[in-house]
Amino acid sequence: QVQLVESGGGLVQAGDSLRLSCAASGRSFRGSAMAWFRQAPGKEREFVGVTAWSGGNTIYADSVKGRFTISRDNAKNTVYLQMNSLKPEDTAVYYCAGSDYISGNYYSTTFYQYWGQGTQVTVSS
């Protein structure tokens, strides 16, 4: 059974940092694209960033570029999202996702077959 489990969320103040982790089990995601999405109340799930294969290509949404960094440790089958300079508008449930597709629309939720349960990030002003 394939599982993605996020952790590291919490309540922080604007300007603080958080690091989210996504631990995979049940199979290796070494050759897979791994992404982070987020969903705020009343809004659609939105793309945050993706790292392809062995960390070669990493793409970010404009809203987080320069503040968020995705990294992966293939030996631990874990992906990280380092979030710096957090803003109240970053408040959302954050999800990690994995895909077996080699190419396609990385920005779309439909590209990903595997999802975690989400972790809440709340940024107070």
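These numbers come from a predicted model, not from an experiment.

Undergrad: Help me understand the pairing of strand 7 (residues 68-73), please; the structure alone is not making it clear to me.
TA: Covered by surrounding structure in strand 7 are Phe68, Ile70 and Arg72 only, the residues Thr69, Ser71 and Asp73 on the alternate face being uncovered. With 6 bridges joining them, strand 7 and strand 8 (residues 78-83) adopt antiparallel strand pairing. Bridged to Ile70 within strand 8 is Leu81. Taken together, strand 7 and the strand that follows it, strand 8, pair antiparallel across an intervening segment of 4 residues, in which Asn77 is found at a positive phi of about 55°.

Undergrad: For this particular structure, what's the right way to read the side chain of Asn77?
TA: The topology assignment puts Asn77 in the loop between strand 7 and strand 8. Among the residues examined, Asn77 registers a relative accessible area of 16% and is labelled buried. Among the polar contacts listed, one links the side chain of Asn77 to the backbone oxygen of Arg27, at a separation of 2.7 Å. Only 3.0 Å separates the side chain of Asn77 from the backbone nitrogen of Phe29, close enough to count as a polar contact. Excluding residues within four positions of it along the chain, Asn77 makes contact with Cys22, Ala23, Ala24, Ser25, Arg27, Ser28, Phe29 and Arg30.

Undergrad: Help me understand the sheet that holds strand 7, please; the structure alone is not making it clear to me.
TA: Pairing between the strands of a sheet is mediated by backbone hydrogen bonds and can be parallel or antiparallel. If you trace the 4 strands from one edge of the open sheet to the other, you get 1-3-8-7, paired in antiparallel fashion. For this open sheet the edge positions go to strand 1 (3-7) and strand 7, each flanked by a neighbour on one side alone. In this sheet, neighbouring strand axes are inclined to one another by 15° on average, regardless of whether the strands run parallel or antiparallel.

Undergrad: Whenever I open this one, the environment of Ala24 confuses me. Can you help?
TA: Along the chain, Ala24 falls in strand 3 (residues 18-25). Once the C-alpha coordinates of Ala24 and Ala97 are considered, the two residues, 73 residues apart in sequence, prove to be 9.8 Å apart. With residues near it in sequence (within four places) discarded, Ala24 still touches Gln3, Leu4, Phe29 and Asn77.

Undergrad: For this particular structure, what's the right way to read the side chain of Thr51?
TA: Secondary-structure assignment places Thr51 in strand 5 (residues 46-51). Excluding its chain neighbours within four sequence positions, the residues that come into contact with Thr51 are Ser32, Ala33, Met34, Asn57, Thr58, Ile70 and Arg72.

Undergrad: Where do I start with the nonpolar core in this structure?
TA: Among the nonpolar cores identified, the biggest contains 35 residues, and Trp36, Phe68, Leu81, Met83, Tyr94 and Tyr112 are the most heavily contacted of them. Mapped onto this core, the elements with two or more residues apiece are strand 3, strand 4 (33-39), strand 5, strand 7, strand 8, strand 9 (92-99) and strand 11 (119-124). Sort the elements by how many residues they give to this core and strand 4 lands first, with 5 residues. The contact partners of Tyr112, leaving out residues within four places of it in the chain, are Ala33, Ala35, Phe37, Phe47, Val50, Ala97, Gly98, Ser99 and Tyr106.

Undergrad: Is there a simple way to think about the pattern of salt bridges in this case?
TA: Side chains that differ in sign of charge can pair as their charged atoms come close. Applying the stated criterion to the full structure yields 5 salt bridges. Salt-bridge contacts for Asp100 lead to Arg27; the nearest nitrogen and oxygen are separated by 2.7 Å. Pair noted here: Asp100 is in the loop between strand 9 and strand 10 (114-115) and Arg27 is in the loop between strand 3 and strand 4, with a separation of 73 residues, a long-range link. The salt bridge partner of Asp90 is Arg67, with a shortest N-O separation of 2.8 Å. With Asp90 in the loop between strand 8 and strand 9 and Arg67 in the loop between strand 6 (58-60) and strand 7, this pair connects stretches of sequence that are 23 residues apart. The burial state of Asp90 is the same as that of Arg67; both residues are buried. Where salt bridges share partners, they join Arg38, Glu46, Arg67 and Asp90 into one cluster.

Reading the values: rules and limits
- Residues numbered from 1 in each chain as written.
- Predicted model: local features only at pLDDT ≥ 70, side-chain atom pairs only at ≥ 80, totals over all residues.
- Heavy atoms only, no water.
- Buried < 20%, exposed > 50% of the residue type's maximum accessible area, 1.4 Å probe, protein only.
- Helix = DSSP H or I, 4+ residues; strand = E, 2+ residues; numbered from the N terminus.
- Pairing = 2+ DSSP bridges.
- Polar contact = N/O pair within 3.5 Å; in protein donor to acceptor, adjacent residues only side chain to side chain.
- Contact = heavy atoms within 4.5 Å.
- Axes fitted to C-alpha atoms, helices over the stretch in contact; angles between N-to-C directions.
- Core = buried A, V, L, I, M, F, W, Y, C linked by side-chain atoms within 4.5 Å.
- Salt bridge = Lys/Arg side-chain N within 4 Å of Asp/Glu carboxyl O.

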